[in-house]
Every structure is written in C-alpha cells, then in structure tokens.
Amino acid sequence: MTPKPLVLITPCTERKGAEFADTSLSLSDRYPRAIVAAGGIPWVLPCLPSENMVAEAVRRCDGVMLTGGDDVQPGLYADHLPPRLRRTVSPADPARDLSELLLIREVFRQRRPLLAICRGQQILNVALGGTLIVDIARQVPGALNHSRLDRRDKIVHKVALTPGCILHKITGKQILGVNSSHHQAVGRLGKTLRVTAVSPDGVVEGLELAEPATQGLPWLAAVQFHPERLFEKHDVFLELFRSFHRACDPKRKSAV
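Residues numbered from 1 in each chain as written. Predicted model: local features only at pLDDT ≥ 70, side-chain atom pairs only at ≥ 80, totals over all residues. Heavy atoms only, no water.

**Let's talk about the overall build of the chain**
At step 1: Along its length, the chain carries 9 helices and 13 strands.
At step 2: Rg of the C-alpha trace for the chain: 17 Å, near the compact-globule value of 18 Å for 256 residues, within the 12% margin.
At step 3: The C-alpha extent of the chain, read off along each of the three principal axes, is 55 × 45 × 35 Å.
At step 4: Here the chain holds 256 residues, and 50% of them are scored as buried.
At step 5: Long-range pairs, those at least 24 residues apart, make up 71% of the contacts in the chain with a sequence separation of at least 6. (Helix = DSSP H or I, 4+ residues; strand = E, 2+ residues; numbered from the N terminus. Rg over C-alpha atoms; globule rule 2.2 N^0.38 Å. Buried < 20%, exposed > 50% of the residue type's maximum accessible area, 1.4 Å probe, protein only. Contact = heavy atoms within 4.5 Å.)

Set out below in structure tokens:
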C-alpha cells in the first residue's frame with residue numbers, strides 16, 4: 001500500500017484547556033479534515049520553539065501547513081506602532097510566533113511543500129522580511145469589510161488571480177469567490193514572493209514563490225482566505241488541498 005503523505009499542521013494555544021485548565025493546543029478541525037479529504041494524514045505540531053524538535057519534525061513529514069489564528073507580534077515586522085493601531089492587535093503568542101519562524105526556516109532548508117492559510121500567509125511574509133498591514137479598516141482607504149466572521153463559511157467577495165499561478169492553474173479561473181475572516185494583511189512583500197491573488201480594494205489574497213525562487217521548494221501556496229471552510233461545498237478549494245497533497249507525495253521527498 002502506498003503511504004499517505006504526512007502533513008505537519010500548526011495550531012494556536014489557549015491559556016486554559018479542557019484538562020486541568022492547562023495551557024493547551026487549539027485547532028479548528030476543519031484543517032485536519034481538509035488534509036484527510038485530500039488523502040493525507042494530519043500531524044499537529046505543538047507550539048514549542050525548539051530548533052531540534054522542529055527540524056526533526058520537518059525531516060519526518062512530507063509537507064507543512066501553516067494555519068490561521070491570533071495576530072503576529074508587531075515587533076517582528078515594525079519598530080513602532082501608533083496607539084490607534086496597537087489597540088487593534090490581539091494578544092501575542094510569542095511561543096507560536098517563534099516556533100513558526102523556526103518551522104518556515106526548516107521548510108526552506110529541507111525543501112518541503114508549504115500551504116499557508118490566513119495568519120499562515122502573514123507569518124510567512126514576515127519570516128521572509130516583509131511587513132503587515134496592522135488593521136485594514138484603518139490603513140486601506142475604501143477597504144472592503146474583510147472581517148466577515150458572520151459568514152466565515154460563505155463566499156463574501158471576489159479576488160483576481162494572476163495568470164499562470166498555482167491557484168489559476170488549479171481553478172481554471174481568473175476571478176475566484178472567497179470567504180474573509182481577517183483584519184490584517186500582507187504589506188511590503190517578503191523576499192522571493194510574488195502576489196497571486198488580490199481583492200478589489202487591493203488587499204493581497206494570495207502569494208507564491210517568485211520565478212527565480214521556484215527551485216527553492218517543490219510547492220508553495222499562501223492564501224489569505226480560508227479554503228478549509230469551503231472545500232466541502234466548493235470543489236475548487238478541495239482541488240487546492242489535492243494539489244498540495246500531490247506535492248507532498250512521499251516519493252517526491254525521497255527524490256529531493
């Protein structure tokens with residue numbers, strides 16, 4: 001029997017979990033369900049910023065998925081924020097930020113496929129030297145309402161796809177309807193990245209490696225929306241996970 005790809009998934013933390021009110025991992029089951037639906041095996045990585053543990057986990061896995069959650073620490077991409085912006089930032093989770101920065105470094109060092117979703121796209125951009133829009137409503141004139149938590153499982157706006165990008169090849173569309181559950185977004189692009197999806201107000205909705213960098217990883221796609229909440233009703237989003245799944249084929253890893 002052909003082994004199924006093992007996909008490393010990053011969770012959030014919560015201060016009081018179900019058992020003994022300990023600090024605990026927290027992850028929507030939509031993420032592992034999407035990996036299983038595409039044919040993979042999900043493996044949730046604890047938020048422990050240990051270089052050795054992260055490196056070993058990446059060595060054993062076939063691909064990595066960065067997920068949504070709390071805001072990234074502003075200190076990682078900005079020297080100073082005015083009070084009106086700082087007040088919009090959710091409480092930091094330094095352990096998660098550091099562990100994901102280590103994870104991204106290992107993904108590039110060990111050349112693993114990477115799918116980054118929502119916060120995942122943001123921390124990826126920060127890891128590669130980019131910045132973030134701290135709060136879309138305050139910093140983007142004429143912005144759409146991107147924080148549609150009331151319709152998190154529904155299509156709420158459209159994005160324009162860059163011809164030839166992974167999303168365009170998967171969907172066969174130049175315009176794609178997406179959901180939207182965020183208040184931050186990519187600002188200045190990180191090194192080696194290019195924009196692959198943009199909303200009507202100019203907010204970056206997708207990233208992948210720029211052409212000169214494509215030899216660095218076997219596959220990389222980042223999206224600001226939440227395909228794991230749409231794949232059961234919209235096949236185009238299941239195809240994104242299937243494309244990631246194919247890139248995570250264990251036979252590919254052994255050939256790298």
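Read on for the rest.
**A few points about the packing of helix H2 (residues 51-60) against helix H4 (residues 94-110)**
At step 1: Across the interface, H2 lies against H4 with an axial gap of 9 Å and an inter-helix angle of 45 degrees. When the axis of H2 is compared with that of H4, the two are oblique. H2 and H4 meet at a crossing whose hand is right-handed. Contacts between H2 and H4 involve Glu-51, Val-54, Ala-55, Val-58 and Arg-59 on the former and, on the latter, Ser-99, Leu-102, Leu-103, Arg-105, Glu-106, Val-107, Arg-109 and Gln-110.
At step 2: Taken together, the residues of the contact of H2 with H4 break down into 6 nonpolar, 2 polar and 5 charged. (Axes fitted to C-alpha atoms, helices over the stretch in contact; angles between N-to-C directions. Parallel < 35°, antiparallel > 145°, perpendicular 65-115°, else oblique. Left-handed = near helix turned anticlockwise from the far one by under 90°. Nonpolar A, V, L, I, M, F, W, Y, C, P; charged D, E, K, R; others polar.)

**Focus on the side chain of His-157**
At step 1: Mapped onto the elements, His-157 comes out in strand S8 (residues 157-161).
At step 2: Look at His-157 and you get buried, because its relative accessible area is 9%.
At step 3: Once you skip the residues sitting within four places of it in the chain, His-157 turns out to touch Leu-144, His-146, Leu-176, Gly-177, Val-178, Asn-179, Ser-180, Ser-199, Pro-200 and Glu-205.

**Notes on the pairing of strand S12 (residues 204-209)**
At step 1: Of all 6 residues making up S12, 6 are buried, and the element is well covered by its neighbours.
At step 2: Bridging between strand S11 (residues 193-198) and S12 involves 5 bridges; their strand directions are antiparallel. If you follow Leu-193 over to S12, its bridge partner there is Leu-209.
At step 3: In textbook terms, the turn of a hairpin is the stretch between consecutive antiparallel strands, and for S11 and S12 this stretch comprises 5 residues, one of which, Gly-202, has a positive phi near 95 degrees.
At step 4: Relative to strand S13 (residues 220-223), S12 runs antiparallel, the two sharing 2 bridges. Bridging from a neighbouring strand, Gly-206 pairs with Val-223 of S13. (Pairing = 2+ DSSP bridges.)

**Considering the pairing of S13**
At step 1: Residues Leu-220 and Ala-222 point to one face of S13 and Ala-221 and Val-223 to the other, with burial holding for every one of them.
At step 2: When strand S6 (residues 114-117) meets S13, the two strands line up parallel, connected through 4 bridges. Each bridged residue has a counterpart across the sheet, and for Ile-117 the counterpart in S13 is Val-223.

**Structural notes on the nonpolar core**
If you look at soluble globular proteins, the nonpolar side chains tend to sit buried side by side.
At step 1: Counting 33 residues, the largest nonpolar core has Leu-8, Val-64, Leu-66, Leu-103, Leu-114 and Leu-124 as its most contacted members.
At step 2: Broken down by secondary-structure element, the contributors of at least two residues to this core are H2, strand S5 (63-66), H4, S6, helix H5 (119-127), S12 and S13.
At step 3: Take this core: its biggest share by element is 4 residues, from H4.
At step 4: Sequence-distant contacts of Leu-114, defined by excluding residues within four places in its chain, comprise Val-64, Leu-66, Val-107, Leu-124, Trp-219, Leu-220, Ala-221 and Phe-244.
At step 5: Core analysis: the next-biggest nonpolar cluster, separate from the first, contains 31 residues, Cys-118, Leu-161, Trp-219 and Phe-237 among them. (Core = buried A, V, L, I, M, F, W, Y, C linked by side-chain atoms within 4.5 Å.)

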